[in-house]
Amino acid sequence: MGARKLAAGNAQRKNAVFIEPRVGNARDVPRRGWIEVVCGSMFSGKTEELIRRLNRAKIARQHVEIFKPGLDTRYHAQDVVSHNANSIRSTPIQLPEEMLLLASSCDVVGVDEAQFFDASLVEVCTQLANHGKRVIVAGLDMDYLGQPFGPMPVLMAVAEYVTKVHAVCVCCGEIASYSFRIAASESKILLGETDSYEARCRGCFLEGQKGKQGEEEPLTATAQAQH
Ligand SMILES: Nc1ncnc2c1ncn2[C@@H]1O[C@H](COP(=O)(O)OP(=O)(O)O)[C@@H](O)[C@H]1O
Ligand SMILES: Cc1cn([C@H]2C[C@H](O)[C@@H](COP(=O)(O)O)O2)c(=O)[nH]c1=O
Ligand SMILES: [Zn+2]
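Values in this document were obtained by computation on a predicted structure and should not be read as measured data. (Residues numbered from 1 in each chain as written. Chains lettered and ligands numbered in written order. Predicted model: local features only at pLDDT ≥ 70, side-chain atom pairs only at ≥ 80, totals over all residues. Heavy atoms only, no water.)

Novice: What am I meant to see in the overall build of the chain here?
Specialist: Helix and strand counts for the chain come out as seven helices and 12 strands. With 227 residues in all, the chain has 42% of them scored as buried. The contacts of the chain with a sequence gap of at least 6 include a subset with a gap of at least 24, amounting to 67%. Element-wise, carbon and sulfur atoms account for 53% of the exposed surface of the chain, whose accessible area totals about 13,000 Å². (Helix = DSSP H or I, 4+ residues; strand = E, 2+ residues; numbered from the N terminus. Buried < 20%, exposed > 50% of the residue type's maximum accessible area, 1.4 Å probe, protein only. Contact = heavy atoms within 4.5 Å. Areas by Shrake-Rupley, 256 points an atom, 1.4 Å probe, with all protein chains shown as cover.)

Novice: Where do I start with unusual backbone geometry in this structure?
Specialist: It is generally the case that most residues other than glycine have a negative phi and that most peptide bonds are trans. Even without a glycine there, the phi angle at Phe-43 is positive, about 70 degrees. One can find Phe-43 in the loop between β1 (34–40) and α2 (46–59). Phi at Arg-61 is positive, roughly 60 degrees, even though this residue is not glycine. Position of Arg-61 among the secondary structure elements: in the loop between α2 and β2 (64–69). For Arg-61, a relative accessible area of 77% translates into the label exposed.

Novice: Help me out: how do you make sense of the pairing of β1 in this one?
Specialist: In summary, the side chains of a regular strand alternate between the two faces of the sheet. The element β1 is extensively covered by neighbouring structure, given that six of its seven residues are classed as buried. Alignment of β1 against strand β7 (residues 134–140), held across seven bridges, turns out to be parallel. Across the sheet, Val-37 pairs through a bridge with Val-137, a residue of β7. Sheet topology note: the β1/strand β8 (residues 161–164) ladder contains four bridges and is parallel. Note that in β8 the partner of Glu-36 across the bridge is Tyr-161. (Pairing = 2+ DSSP bridges.)

Novice: Help me out: how do you make sense of the pairing of strand β11 (residues 178–181) in this one?
Specialist: Side chains Tyr-178 and Phe-180 project from β11 onto one buried face, and the interleaved Ser-179 and Arg-181 project onto a second face that is buried too. Where β11 and strand β12 (residues 197–200) come together, four bridges link them in antiparallel fashion. What sits directly across from Phe-180, in β12, is Glu-198.

Novice: Help me understand the UniProt feature "binding site: substrate" (unreviewed entry) in the chain, please; the structure alone is not making it clear to me.
Specialist: UniProt records the feature "binding site: substrate" (unreviewed entry) at Ile-189, Leu-190, Leu-191, Gly-192 and Tyr-197, using the numbering of this structure. Tracing the sequence through the fold places Ile-189 in the loop between β11 and β12. Not counting residues within four places of it along the chain, the set of residues in contact with Ile-189 comprises Phe-116 and Arg-181. Here Tyr-197 lies in strand β12. The exposure class of Tyr-197 is buried, given its relative accessible area of 7%. Once you skip the residues sitting within four places of it in the chain, Tyr-197 turns out to touch Met-42, Phe-43, Tyr-144, Ser-179, Phe-180, Arg-181, Ile-182, Leu-190 and Gly-192. Within the structure, Tyr-197 has its side chain in polar contact with the side chain of Arg-181 (distance 2.9 Å). (UniProt positions renumbered as here; feature names shortened; annotations may be inferred. Polar contact = N/O pair within 3.5 Å; in protein donor to acceptor, adjacent residues only side chain to side chain.)

Novice: Would you explain the coordination of the zinc ion (ligand 3) in this entry?
Specialist: By definition of the ideal shapes, four donors in a tetrahedron about a metal sit 109.5 degrees apart, and six donors in an octahedron sit 90 or 180 degrees apart. The coordination sphere of the zinc ion (ligand 3), as far as protein atoms go, consists of Cys-169 (SG), Cys-172 (SG), Cys-201 (SG) and Cys-204 (SG), spread over 2.3 to 2.4 Å. Around the zinc ion (ligand 3), the four donor atoms sit at angles spanning 101 to 118 degrees, and that spread fits a shape best called tetrahedral. Sequence positions of the residues that donate to the zinc ion (ligand 3) give the spacing C-x2-C-x28-C-x2-C. On the criterion of sequence distance, the pair formed by Cys-169 in the loop between β9 (167–168) and β10 (175–176) and Cys-201 in the loop between β12 and α6 (202–212) is long-range, its members being 32 residues apart. For Cys-169, a relative accessible area of 3% gives the class buried. On the basis of relative accessibility, which here comes to 10%, the residue Cys-201 falls in the buried class. (Donors = N, O, S within 2.8 Å, 3.2 Å for Na, K, Ca; no water. Tetrahedral: all angles 85-135°; square planar, octahedral: opposite > 155°, others 65-115°.)

Structural data, given as structure tokens:
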């Protein structure tokens, strides 16, 4: 075989190596997607991080669909909006199953306020990832009592990637992992902002909970401002 023919054959084989990974891996297993979870307290930057990842996917010319629970109409009926007014167009849905049809032709699926969905969100995200989609889910990991919130703990268990983001404690300036409720409601779901919640660190959260049970608590930043 001439040297030129040999070189052409080698080049062809090299190209094949570059083309193959687009359809499967070395063992011909079909390409799968994955699940990413962004969790933390209120004001920790979950929505900002979700929007950042989705915008980057759009820059990469990927087809992106974003969903949020229909009940979350705090800032906008349709958009996902962060506390510092970043926003991205989304589709409000009642049930996670609606995503199976609505996201069937996209590459990347974003979900905000995931804590408000029921356990079927886990199955739906798993199916989407199994069918090759990148699924990015943002939500509160804990409710106002410091208890795991809705489907979030199971989602964190099945996800390939989990990012926990932190707010700043409004009482002491430490990193905050808790959403302390200042409004006088004991219902699990209470939509709200700084009017109803404060980001707090563990110590300041525990102090606040004691205060609610009638024990003495130092004045919070919000309470000081109101004086
Ligand atoms: N206590 C706080 N700690 C950190 N950021 C705060 C706090 N209070 C308000 N913010 C604002 O909230 C933004 C994050 O908003 P967002 O992404 O909507 O958070 P999340 O979705 O986690 O509630 C921050 O960039 C900041 O401007
Ligand atoms: C802790 C806690 C929060 N909520 C509500 C309050 C807000 O409307 C959302 C969280 O929004 P964010 O984007 O994470 O700031 O959830 C609730 O209903 N119950 C709770 O215990
Ligand atoms: Zn604190």
